[in-house]
Amino acid sequence: MGTDRFGMRKLALTAIITGVVVVWAGCEQTGRRDEFEDISRKMEELKRRAAESGGGLGNIKVMVNMLSTGEHEYSAVNALWRYADENVALVGRGDVYSGSGLRIGIGHEDFMARLDLVKRSLRSAESSEVFVVLADGATGYINVGREIAVPVFIYRGRRYSAVEYEFRRAGRSLEVVARKLPNGMIEMQLTPVFSQFLTTGGDMRLTELSTTVLARPGQTVIIGGSDWAANNVASALFSTSRRGERGRTLVTVTPYLQ
């Protein structure tokens, strides 16, 4: 069993049930229907035992929605945070995380309805939806974009004058490790990652900004930035540039059990 570039375990032609691995080979049609029926009976028995023990190894499907808008309309998107609870994340180093400008919270029951209303009210916005399917405990990546905003400090002579941003080609993503908990909750550990950013061409994983959030299946997690123009990680991770106009992206993540 291998692992692809998204960190998802490949389960092609393999079923894993309570630690028992059953592999289907390319069987020739021999006309011996009883052999196939025997295999089917064994599979059903394994499924029944897995259901009784509660130890099935199902997958976790993570739905991701990204809403990007320009600076002039971002206030409407930013107002959605009032429908979220931000006291739910477990942060390793709270002081470092708060200085990063990153925000994370659990949406209230009506959050998605509020999000849809905001989408319809925006005159210029981009919305995209993707999903990642992970085995329990596996790692995947939520791709946020291909350019990051890099601050450029401007000097007049020897004196600092202003800060502007230029967009440098590099990958932006959130590494997500998803786990099912015995109480039915889903644990997601999220880490910002900038790929092809270092001078060596390697990835930069900001492990000191890793945070863990617990959500029920179907519950929405909101991820974004607090300050529009600050020189911080949130600006680099969630800023956009569309036709010369700077913008910001709000990410929602909703896990489901499969």
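All figures in this text were calculated on a predicted structure; none of them were measured in a lab.

(A) Structural context of the environment of Gly101. Along the chain, the position of Gly101 falls in the loop between α3 (94–99) and β6 (102–107). On the accessibility criterion, Gly101 (4% relative accessible area) is buried. Between the C-alpha atoms of Gly101 and Ala230, which are 129 residues apart in sequence, the distance is 7.9 Å. Those residues within four positions of Gly101 in sequence are excluded, and the remaining contacts are Gly224, Gly225, Ser226, Asn232 and Ala234.

(B) Looking closely at the pairing of strand β13 (residues 221–225). Within β13, 5 of the 5 residues are buried, leaving the element largely enclosed by the surrounding structure. Burial of β13 is two-sided: the residues Val221, Ile223 and Gly225 facing one way and the residues Ile222 and Gly224 facing the other way are all buried. Judged from the 5 bridges that link them, β6 and β13 form a sheet pairing that is antiparallel. Each bridged residue has a counterpart across the sheet, and for Leu102 the counterpart in β13 is Gly225.

(C) Representation of helix α4 (residues 111–121). Looking at α4, one finds that the buried residues are Phe111, Leu115 and Val118. Down the axis, α4 shows its buried residues gathered within 60 degrees of arc, on one side only. On its buried face, α4 is in contact with β3 (59–70), α2 (74–78), β6, β13 and β15 (245–257).

(D) Summary view of the packing of aromatic side chains. Evaluated as defined, the whole model comprises 0 aromatic pairs. When the ring centre of Phe131 is taken as origin, the NZ or CZ atom of Lys61, which lies over that ring, is 4.6 Å away.

(E) Layout of a nonpolar patch on the surface. On the surface, Phe153, Tyr155 and Tyr160 cluster together into a nonpolar patch covering about 370 Å² of accessible area. Mapped onto the fold, Tyr160 is located in strand β9 (residues 159–180).

(F) Structural context of the nonpolar core. Judged by nonpolar contacts, the single largest core of 34 residues is most densely connected at Leu102, Met188, Val221, Ile223 and Val253. Among the elements that take part in this core, helix α5 (residues 233–238) stands out by supplying 5 residues, more than any other. Other than its neighbours up to four places away in sequence, Val221 contacts Ile104, Gly105, Ile106, Met188, Val213, Ala215, Val251, Thr252 and Val253. Counting 13 residues, the second largest nonpolar core, distinct from the first, contains Val77, Trp81, Ala84 and Ile222.

(G) Focus on empty space enclosed by the protein. Under the definition given, this model contains 1 cavity of 30 Å³ or more. By volume, the largest cavity amounts to about 60 Å³. The set of elements that each furnish at least two residues to the lining of the largest cavity consists of β6 and β10 (186–195). Sorting elements by how many residues they give to the lining of the largest cavity places β10 first, with 3 residues. By residue class, the composition of the lining of the largest cavity is 9 nonpolar, 2 polar and no charged.

(H) Up close: the pattern of salt bridges. A full pass over the atoms with the stated rule returns 5 salt bridges. Put simply, Arg205 and Glu175 hold a salt bridge, and the shortest N to O gap is 2.7 Å. Taken together, the residues Arg205 in strand β11 (residues 204–205) and Glu175 in strand β9 connect sequence positions 30 residues apart. The residue Arg179 makes a salt bridge to Glu187 at a minimum N-O spacing of 3.1 Å.

(I) Layout of the confidence of the model for the chain. Residues at a pLDDT of 70 or more form 68% of the chain, whose mean pLDDT is 76. Across the chain, the element-wise mean pLDDT spans from 27 in strand β1 (residues 14–17) up to 95 in strand β12 (residues 211–215). Predicted confidence is poor over residues 1–33, with pLDDT under 50, and the contacts of this stretch with residues over four places away or in other chains come to 52 contacts.

Cut-offs used in this document
Residues numbered from 1 in each chain as written. Predicted model: local features only at pLDDT ≥ 70, side-chain atom pairs only at ≥ 80, totals over all residues. Heavy atoms only, no water. Helix = DSSP H or I, 4+ residues; strand = E, 2+ residues; numbered from the N terminus. Buried < 20%, exposed > 50% of the residue type's maximum accessible area, 1.4 Å probe, protein only. Contact = heavy atoms within 4.5 Å. Pairing = 2+ DSSP bridges. Arc of directions from axis to C-beta. Phe/Tyr/Trp six-rings, centres within 6.5 Å; stacked < 30°, edge-to-face > 60°. Lys NZ or Arg CZ within 6 Å of the ring centre and 35° of its normal. Patch = residues over 30% accessible without salt bridge, like charges linked within 9 Å, V, L, I, M, F, W, Y side chains within 5 Å. Areas by Shrake-Rupley, 256 points an atom, 1.4 Å probe, with all protein chains shown as cover. Salt bridge = Lys/Arg side-chain N within 4 Å of Asp/Glu carboxyl O. Core = buried A, V, L, I, M, F, W, Y, C linked by side-chain atoms within 4.5 Å. 1 Å grid on protein atoms, 1.4 Å probe; cavity = no way out; pocket = protein on both sides within 12 Å on 5 of 7 lines; lining within 4 Å. Points joined across faces, edges and corners; volume = space filled by probe spheres on them. Nonpolar A, V, L, I, M, F, W, Y, C, P; charged D, E, K, R; others polar. pLDDT = per-residue confidence, 0-100.

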